[in-house]
Amino acid sequence: MASSHKVEITRGFANALTTDEQFKVRTGIASVADVPVGSVTLKLKARRTVEHIVTVYAADVGAASAVETKLSDTTTVVSAISAAGAPSPMTVSPPVLTSDSAEGSDLPLAAVI
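These figures come from a predicted structure and were not determined experimentally. (Residues numbered from 1 in each chain as written. Predicted model: local features only at pLDDT ≥ 70, side-chain atom pairs only at ≥ 80, totals over all residues. Heavy atoms only, no water.)

### Considering the overall build of the protein
Here's step 1: A tally of helices and strands in the protein yields three helices and six strands.
Here's step 2: Seen in sequence order, the protein has helices and strands lined up from the N terminus as β-α-β-β-α-α-β-β-β.
Here's step 3: Here the protein holds 113 residues, and the buried ones make up 38% of them.
Here's step 4: Contacts spanning at least 24 positions in sequence make up 76% of the contacts within the protein whose residues lie at least 6 apart. (Helix = DSSP H or I, 4+ residues; strand = E, 2+ residues; numbered from the N terminus. Buried < 20%, exposed > 50% of the residue type's maximum accessible area, 1.4 Å probe, protein only. Contact = heavy atoms within 4.5 Å.)

Here you go:
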């Protein structure tokens, strides 16, 4: 059984994000976390909200912890999202490092934003 570690941050936006804006949010987060964009996922928290949960996958628990530290600076994260061309989030939750069991998973460790 493999384990997936992640840091989660919920981002709230004023309006629904287009596919292009979602990619730009992922790009901004990846730049702060110093990971490839492919290691960052973004999903709606609930169907009728404009809150997204961003997940950043890392190689191990140490790397996930480093991502958590990097994403703790809200100003830097918001600036990176804006610099990537996405709308600035209206709300930002603090990063949370978690661990999920994923039987048979080959997923690397993660930081969710």
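### A few points about the side chain of S39
Here's step 1: Looking at the secondary structure, you find S39 in the loop between α1 (19-33) and β2 (40-44).
Here's step 2: Setting aside residues up to four positions removed in sequence, S39 forms contacts with T55, V56 and Y57.

### With respect to the nonpolar core
Here's step 1: Ranked by internal contacts, the top residues of the largest apolar core, which has 19 residues, are V25, I29, V35, V40, V56 and L71.
Here's step 2: Put simply, the parts of the chain that give this core at least two residues each are α1, β2, β3 (51-58) and α3 (74-83).
Here's step 3: For this core, the element with the highest residue contribution is α1, accounting for five residues.
Here's step 4: Apart from the residues within four sequence positions on either side, V40 is in contact with R26, I29, A30, V35, V54, T55 and V56. (Core = buried A, V, L, I, M, F, W, Y, C linked by side-chain atoms within 4.5 Å.)

### Overview of the pairing of β3
Here's step 1: Within β3, seven of the eight residues are buried, which leaves it mostly tucked inside the rest of the structure.
Here's step 2: As defined by bridge partners, β2 adjoins β3 across five bridges and the pair is classed as antiparallel. Of the residues in β3, the one forming a bridge with L42 is V54. (Pairing = 2+ DSSP bridges.)

### Digging into the pattern of salt bridges
Here's step 1: Evaluation of the coordinates by the stated rule reveals three salt bridges.
Here's step 2: Here D34 ties to K70 by a salt bridge, and the two come within 3.9 Å at their closest N and O atoms. Of the two residues, D34 is situated in the loop between α1 and β2 and K70 in helix α2 (residues 61-70); the sequence distance between them amounts to 36 residues.
Here's step 3: Its relative accessible area of 62% is what places D34 among the exposed residues. (Salt bridge = Lys/Arg side-chain N within 4 Å of Asp/Glu carboxyl O.)

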